[in-house]
Amino acid sequence: MTTEPTETLPAMRYPATAAFATGPAVGEAFPDATLVNQRGIEVGLHEVRAGQPAVVVFHRSAQWCTFCRTQLTHFQEHLGQFEAAGVALMA
């Protein structure tokens, strides 16, 4: 006997509760964060983007994670389009 889920799969995987926050809402300001860049230097997210809209990609590792490497390569290939649109791209 099988039962049908009462919620859609994404809702089951990422429940919108305090225990599983989904991040800022569309249009809501992203909180400032200090991150380490590719040279090992700490930088402020809002300082680096200098007021530009930004795409921030969080990944595991471009060395051992095939999906992450593929995604980051795709972003790198389209970096010029992001820059032309005035969008900062950070990973």
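Below is a summary of the structure that appears in this document. (Residues numbered from 1 in each chain as written. Predicted model: local features only at pLDDT ≥ 70, side-chain atom pairs only at ≥ 80, totals over all residues. Heavy atoms only, no water.)

### A few points about the overall build of the chain
Consideration 1: Scanning the chain from N- to C-terminus turns up four helices and four strands.
Consideration 2: Taken from N to C terminus, the helices and strands of the chain fall in the order α-β-β-α-β-α-α-β.
Consideration 3: Here the chain, with 91 residues, has 13% of them falling under the buried criterion.
Consideration 4: Sequence-distant contacts, at least 24 apart, represent 38% of the contacts inside the chain between residues at least 6 apart. (Helix = DSSP H or I, 4+ residues; strand = E, 2+ residues; numbered from the N terminus. Buried < 20%, exposed > 50% of the residue type's maximum accessible area, 1.4 Å probe, protein only. Contact = heavy atoms within 4.5 Å.)

### A look at unusual backbone geometry
Residues apart from glycine generally show negative phi values, whereas peptide bonds are mostly found in trans.
Consideration 1: Although it is not a glycine, A50 adopts a positive phi angle of roughly 50 degrees.
Consideration 2: Mapping A50 onto the fold places it in the loop between α2 (45-49) and β3 (54-56).

### A look at the packing of aromatic side chains
Consideration 1: Scanning the entire structure with this criterion turns up one aromatic pair.
Consideration 2: With a centroid separation of 5.8 Å and 50 degrees between ring planes, the pair formed by F75 and F82 is classed as tilted. (Phe/Tyr/Trp six-rings, centres within 6.5 Å; stacked < 30°, edge-to-face > 60°.)

### Considerations on the environment of A50
Consideration 1: Since its relative accessible area comes to 62%, A50 is described here as exposed.
Consideration 2: Spatially, the C-alpha atom of A50 lies 8.8 Å from that of A88, the residues being 38 residues apart in sequence.

### Side note on the environment of Q38
Consideration 1: Relative to the assigned elements, Q38 resides in the loop between β1 (34-36) and β2 (42-44).
Consideration 2: With relative accessibility at 67%, the residue Q38 sits in the exposed group.
Consideration 3: Residues Q38 and A91, spaced 53 residues apart in sequence, show a C-alpha to C-alpha distance of 9.2 Å.

### What to know about helix α3 (residues 66-77)
The α-helix winds at 3.6 residues per turn, so residues separated by three or four positions along the chain end up facing the same way.
Consideration 1: With twelve residues, α3 extends 16 Å from end C-alpha to end C-alpha; this agrees with the ideal 16 Å at 1.5 Å per step.
Consideration 2: Of all the positions in α3, only C68, L72 and F75 are classed as buried. Buried positions in α3, seen along its axis, are confined to an arc of 55 degrees and lie on one side of it. Away from the buried face of α3 by more than 90 degrees, exposed residues T66, F67, T70 and E77 are located.
Consideration 3: Buried residues belonging to α3 abut β3, α4 (79-84) and β4 (88-90). (Expected span 1.5 Å × (residues − 1). Arc of directions from axis to C-beta.)

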